[in-house]
Amino acid sequence: MFARILRDSMSLTQRIFRTARRTNELLTDRWLNIHTCATSDQVPDAETTFGDPVEYDPLHYFLIWRCIRKLQPTPNDVVFDIGCGSARILCAFARQKLRHCIGIEYDPTLSKLARRNVIRLRGVKTPIEIRNVDAASADYSQGTIYCMYNPFGRDTMREVLARIRASLDVRPRRVQLVYFSPWHEDLLADADWLRCADRVSTRFSRIDTSYWVSVQQTLVKRCPHDLRHSSVPKFV
Ligand SMILES: C[S@@+](CC[C@H](N)C(=O)[O-])C[C@H]1O[C@@H](n2cnc3c(N)ncnc32)[C@H](O)[C@@H]1O
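The rules behind each value
Residues numbered from 1 in each chain as written. Predicted model: local features only at pLDDT ≥ 70, side-chain atom pairs only at ≥ 80, totals over all residues. Near = placed C-beta within 6 Å. Nonpolar A, V, L, I, M, F, W, Y, C, P; charged D, E, K, R; others polar. Domains from an automatic or database assignment. Contact = placed C-beta atoms within 7 Å. Pairing = 2+ DSSP bridges. Helix = DSSP H or I, 4+ residues; strand = E, 2+ residues; numbered from the N terminus. Axes fitted to C-alpha atoms, helices over the stretch in contact; angles between N-to-C directions. Buried ≥ 20, exposed ≤ 12 C-beta atoms within 10 Å, placed from the backbone. Core = buried A, V, L, I, M, F, W, Y, C linked by C-beta atoms within 7 Å.

A. Inspection of the site of the ligand at higher detail. In the vicinity of the ligand lie 26 residues, with P53, L59, G83, G85 and A135 positioned nearest. Of the residues in the shell around the ligand, the class split is 15 nonpolar, five polar and six charged.

B. The domain arrangement of the protein chain, seen in detail. Each assigned domain of the protein chain is listed here: domain 1 (1–32) and domain 2 (61–228). On the domain 2 side, the residues contacting the four residues of domain 1 number four residues. Per-class residue counts for the side of domain 1 that touches domain 2 are one nonpolar, two polar and one charged.

C. Structural view of the sheet that holds strand β4 (residues 145–149). The sheet built from seven strands is open, its strands ordered β3-β2-β1-β4-β5-β7-β6 with mixed pairing. In this open sheet, the two edge strands, each paired with only one partner strand, are β3 (128–131) and β6 (194–202). Ignoring strand direction, the axes of neighbouring strands in this sheet form an average angle of 15 degrees. Across three bridges, strand β1 (residues 78–82) lies against β4 in parallel orientation.

D. Geometry of the environment of D155. With respect to the secondary-structure elements, D155 resides in helix α5 (residues 154–170). The class of D155 is partly exposed, set by 15 C-beta atoms lying within 10 Å. C-alpha separation for the pair D155 and D29, spaced 126 residues apart in sequence, amounts to 33 Å. Every residue in contact with D155, bar those within four places of it in the chain, is listed here: F50 and D52.

E. Here's a closer look at the nonpolar core. Counting residues in hydrophobic clusters, the biggest one holds 53 residues, and the most contacted among them are L90 and Y146. When neighbours within four sequence positions are excluded, Y146 is seen to be in contact with F80, I82, I164, V175 and L177.

F. Here's a closer look at the environment of Q42. Relative to the assigned elements, Q42 resides in the loop between α1 (2–32) and α2 (61–71). Under the C-beta neighbour-count criterion, Q42 is labelled exposed, with 10 such atoms within 10 Å. Distance in space between the C-alpha atoms of Q42 and E55 is 9.9 Å, their sequence separation being 13 residues.

Below is the structure:
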């Protein structure tokens, strides 16, 4: 009897909490003058190279604000959201003074919605561009901050990391990666050009966030291959 009352009150608390969060998301959308809450059962009429996309689900606003506070992006930063959906993350970032925000989205319908949001966004301080392209064939050479909210499976993730890594050879720079709901975090951990800067979880969401920064390229390059995997420290 007591256990049942406890279970009922817990599920009621969860329902109240979920409703409050959903209301907050809708009100924030309204405040920003954008539409990012709707999800759809419609299968996108486009395919990706590796066929491993994760369907659209917008990241909670409170996780986005927390990420921006933590990263403290500057006017020199170019922020990518890889798998940007309807551009919620980019719209939040673009209210800061940055150099550029770029969204990568393979689904044409979501890309269209994202572009509409970019036009409608209130309080924008940074230009946003939406590229309707598969993440596995996108150009990442301009970025300094890359956000991903569990957008795809391991094969696409591997290709995206390889592309960002290759872009550092062409244009050496410090980059940061933020991975929300990091299902394939082991691939980042295996990359010798990245180091984990932090991993944050919260009581209010099951979505963990891991933060990564690039290791200085010249130092990595100068190391003989066998030393890279030894205990030689990496510098940032
Ligand atoms: C979990 S949702 C995240 C949406 C958005 N980042 C946000 O937080 O509001 C994942 C998004 O990645 C997109 N996506 C999946 N695979 C992709 C690929 N290979 N290239 C580009 N976008 C992809 C999906 O269409 C979806 O919009």
